[in-house]
Amino acid sequence: MLDRSYLFEISSSLLLSPYGAHLAAPSLCAIEVRHPASRRSSGIFALSRCGGLRCPSETRELGWQDVDWERARIVIRGHKTKRRVIPLFDELRPYLEQAFADAEDGAVHAVTRCRSSNANLRTQFARILDGAKLPIWPRPFHNLRASRETELANEFPIHVVCEWMGTARTWPGSTTSR
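Residues numbered from 1 in each chain as written. Predicted model: local features only at pLDDT ≥ 70, side-chain atom pairs only at ≥ 80, totals over all residues. Heavy atoms only, no water.

### Notes on the overall build of the protein chain
Part 1: Broken down by element type, the protein chain carries 8 helices and 7 strands.
Part 2: When the 178 residues of the protein chain are sorted by exposure, 45% land in the buried category.
Part 3: In the protein chain, of all internal contacts separated by at least 6 residues, the share reaching a separation of at least 24 is 53%. (Helix = DSSP H or I, 4+ residues; strand = E, 2+ residues; numbered from the N terminus. Buried < 20%, exposed > 50% of the residue type's maximum accessible area, 1.4 Å probe, protein only. Contact = heavy atoms within 4.5 Å.)

Written out as structure tokens, the structure is:
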């Protein structure tokens, strides 16, 4: 059960952009860590929101050998894009560190739960949000990733963000999958 002060902190964490995208605040990721039922999912939501990984394809493929703790980099091996390297963002690091600490000895993958290709992560995410008394929105994982892309675009040149996200800029303010 989440405490009320924490719920107040994230109660306004969802904003509707003029384009209909739901922008999720970074604090939304902490639901996974603080909500007991979701702790077992090992950072799936944080990987999408704080790392910008595609879910489920890139989150499922992420292995511990892909995380370079010392150089603060992560290698992303997706089916949709070529191999790319992203920074180990400060916002993502605590979630990955916790998942690594919780991992069994010899674990290969960063995400050990919901590894099946038919796992319904949206339903699980909806249950977690419902338990936190937050609304579910359309295309939740797409919007978690898009929220991170929007945030990064406000801090870094768009060509750098597109490289990290594995997207191509097609017109001003818009990116698509490569």
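### Considering the confidence of the model for the protein chain
Part 1: For the protein chain, per-residue confidence averages 75 on the pLDDT scale, and 67% of positions sit at 70 or higher.
Part 2: Averaged pLDDT values over the elements of the protein chain bottom out at 34 in helix H1 (residues 4-10) and peak at 98 in strand E3 (residues 67-68).
Part 3: This stretch, residues 1-20, has a pLDDT under 50; its non-local contacts, to residues over four places away or in other chains, come to 33 contacts. (pLDDT = per-residue confidence, 0-100.)

### With respect to the packing of helix H6 (residues 121-131) against helix H7 (residues 140-153)
Part 1: Packing of H6 against H7 leaves a shortest axis separation of 10 Å and a crossing angle of 75 degrees. Judged by the angle between their axes, H6 and H7 are roughly perpendicular. Every residue of H7 that contacts H6 at Leu121, Arg122 and Phe125 is listed here: Pro140, Phe141 and Leu144.
Part 2: Within the contact of H6 with H7, the residues separate by chemical class into 5 nonpolar, no polar and 1 charged. (Axes fitted to C-alpha atoms, helices over the stretch in contact; angles between N-to-C directions. Parallel < 35°, antiparallel > 145°, perpendicular 65-115°, else oblique. Nonpolar A, V, L, I, M, F, W, Y, C, P; charged D, E, K, R; others polar.)

### Examining the packing of aromatic side chains
Part 1: A full pass over the atoms with the stated rule returns 6 aromatic pairs.
Part 2: Seen in terms of ring centroids, Phe45 and Phe141 are 5.8 Å apart; in terms of plane orientation they differ by 20 degrees. Their pairing is stacked. Of this pair, Phe45 sits in helix H3 (residues 44-49) while Phe141 sits in helix H7, and the two are 96 residues apart along the sequence.
Part 3: What makes Phe45 buried here is its relative accessible area of 5%.
Part 4: These aromatic residues form a ring-pair network of at least three members: Trp64, Trp69 and Phe100.
Part 5: Directly above the aromatic system of Phe89 lies the positively charged group of Arg148, at a separation of 4.3 Å from the ring centroid. (Phe/Tyr/Trp six-rings, centres within 6.5 Å; stacked < 30°, edge-to-face > 60°. Lys NZ or Arg CZ within 6 Å of the ring centre and 35° of its normal.)

### A look at the pattern of salt bridges
Part 1: What the rule picks out here adds up to 9 salt bridges.
Part 2: One salt bridge connects Glu163 with Lys82, and the closest N-O pair in it is separated by 3.7 Å. Of the two residues, Glu163 sits in helix H8 (residues 158-165) while Lys82 sits in the loop between strand E4 (73-76) and strand E5 (84-87), which places them 81 residues apart along the sequence.
Part 3: On the basis of relative accessibility, which here comes to 54%, the residue Lys82 falls in the exposed class. (Salt bridge = Lys/Arg side-chain N within 4 Å of Asp/Glu carboxyl O.)

### Side note on the sheet that holds E5
Part 1: Taken together, the 3 strands give an open sheet; going across it, the order is E3-E4-E5, and neighbouring strands pair in antiparallel fashion. Because the sheet does not close on itself, it has two edges, and the strands there are E3 and E5.
Part 2: In the sheet, E3 pairs with E4 via 2 bridges, with the strands oriented antiparallel. Its bridge partner lying in E4, Asp68 is registered against Arg73. (Pairing = 2+ DSSP bridges.)

### Let's talk about the environment of Ala46
Part 1: Tracing the backbone through its elements, the reader meets Ala46 in helix H3.
Part 2: Along the primary structure Ala46 and Thr59 are separated by 13 residues, whereas in three dimensions their C-alpha atoms are 9.8 Å apart.

### As for the packing of H7 against H8
Part 1: Between H7 and H8, the shortest axis-to-axis distance is 9 Å and the interhelical angle comes to 150 degrees. The orientation of H7 with respect to H8, classified from their angle, is roughly antiparallel. The two elements H7 and H8 meet at a crossing, and its hand is right-handed. Packed against H7, whose contacting residues are Arg145, Glu149, Leu152 and Ala153, the element H8 presents Ile158, Val161, Trp164 and Met165 at the interface. (Left-handed = near helix turned anticlockwise from the far one by under 90°.)

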